[in-house]
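Inside the fold
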Amino acid sequence: MTRLEAWLLHLANLLVGGTGLIYAWMRYFATADDPFAMVNHPWQPATQHLHVLAAPLLVFAIGLIWKAHAWAGFRLRVAARWASGLALLATAGPMVASGYLLQTTTAPAWRQAWLAIHLAASALWLAGYLAHQLSPRQRSSTT
């Protein structure tokens, strides 16, 4: 993976993860002063829109690093950061699919199901991404 690809992935995670966490806080923990308000925070709609608009950048970055990094590590059986890499692999699909379906589903029961899946998969993605970044890298032997 090149430095540009790595920084694109970091930036995409920061934008999407950051706006997602801020939006979740606004939606579930903030309280509006007006009991008849449709939103809990004045920036809630803009934050949601930024999250949805930044998400394709993360999907692109995941696809970009797939061949050069994830698939190569899997194919070569690189042991370093194997568990966190598998966690990322397992959560990427449900996170992306549920985010898309959450935006397109109109039935309340399905919206709740996709929301639960999206929140769980996204939390696992962020935890896996953090673990993947903080775990020690494999060192090349110079013998």
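Described in the following lines is the structure provided in the data block. (Residues numbered from 1 in each chain as written. Predicted model: local features only at pLDDT ≥ 70, side-chain atom pairs only at ≥ 80, totals over all residues. Heavy atoms only, no water.)

Across its full length, the protein carries four helices and zero strands. From first element to last, N terminus to C terminus, the protein shows the α and β order α-α-α-α. At a minimum sequence separation of 6, the contacts of the protein that also span at least 24 residues come to 71%. Element-wise, carbon and sulfur atoms account for 71% of the exposed surface of the protein, whose accessible area totals about 10000 Å². (Helix = DSSP H or I, 4+ residues; strand = E, 2+ residues; numbered from the N terminus. Contact = heavy atoms within 4.5 Å. Areas by Shrake-Rupley, 256 points an atom, 1.4 Å probe, with all protein chains shown as cover.)

A word on the packing of aromatic side chains. Counting across every chain of the model gives two aromatic pairs. Residues W110 and W114 carry aromatic rings whose centres are separated by 5.6 Å and whose planes lie at 25° to one another, so their mutual orientation is stacked. Of this pair, W110 and W114 both sit in helix α4 (residues 108–134), four residues apart, which is roughly one turn of that helix. (Phe/Tyr/Trp six-rings, centres within 6.5 Å; stacked < 30°, edge-to-face > 60°.)

Below, the discussion takes up the nonpolar core. Counting residues in each nonpolar core, the largest one holds 15 residues, and the members touching the most others are L9, L58, A61, I62, M95, W125 and Y129. Those elements that provide at least two residues to this core are α1 (3–28), α2 (44–75), α3 (82–104) and α4. Considering each element in turn, this core owes the most residues, five residues, to α2. In this structure Y129 touches L9, H10, N13 and L88, once residues within four positions along its chain are discounted. (Core = buried A, V, L, I, M, F, W, Y, C linked by side-chain atoms within 4.5 Å. Buried < 20%, exposed > 50% of the residue type's maximum accessible area, 1.4 Å probe, protein only.)

When you line up the elements, H118 lands in helix α4. With sequence-adjacent residues up to four places away left out, H118 is seen in contact with H51, M95, S98, G99 and L102.

At their nearest, the axes of α1 and α4 sit 11 Å apart, and the two run at 135° to each other. The orientation of α1 with respect to α4, classified from their angle, is oblique. Crossing handedness for the pair α1 and α4: left-handed. Listed contacts from α4 to L9, H10, N13, G17, L21 and Y28 of α1 are L115, L119, W125, L126, Y129 and Q133. Counted by class, the contact of α1 with α4 contains eight nonpolar, four polar and no charged residues. (Axes fitted to C-alpha atoms, helices over the stretch in contact; angles between N-to-C directions. Parallel < 35°, antiparallel > 145°, perpendicular 65-115°, else oblique. Left-handed = near helix turned anticlockwise from the far one by under 90°. Nonpolar A, V, L, I, M, F, W, Y, C, P; charged D, E, K, R; others polar.)

With 26 residues, α1 extends 36 Å from end C-alpha to end C-alpha; this agrees with the ideal 38 Å at 1.5 Å per step. Every buried residue of α1 is listed here: E5, A6, L8, L9, A12, N13, V16, G17, T19, G20, Y23 and M26. (Expected span 1.5 Å × (residues − 1).)

Here we take up a nonpolar patch on the surface. A cluster of nonpolar residues, W25, Y28, F29 and L119, forms a patch on the protein surface that exposes about 460 Å² of accessible area. With respect to the helices and strands, Y28 occurs in helix α1. Under the relative-accessibility criterion, Y28 is labelled partly exposed at 40%. (Patch = residues over 30% accessible without salt bridge, like charges linked within 9 Å, V, L, I, M, F, W, Y side chains within 5 Å. Salt bridge = Lys/Arg side-chain N within 4 Å of Asp/Glu carboxyl O.)

Any functional reading would require information beyond the geometric quantities listed.
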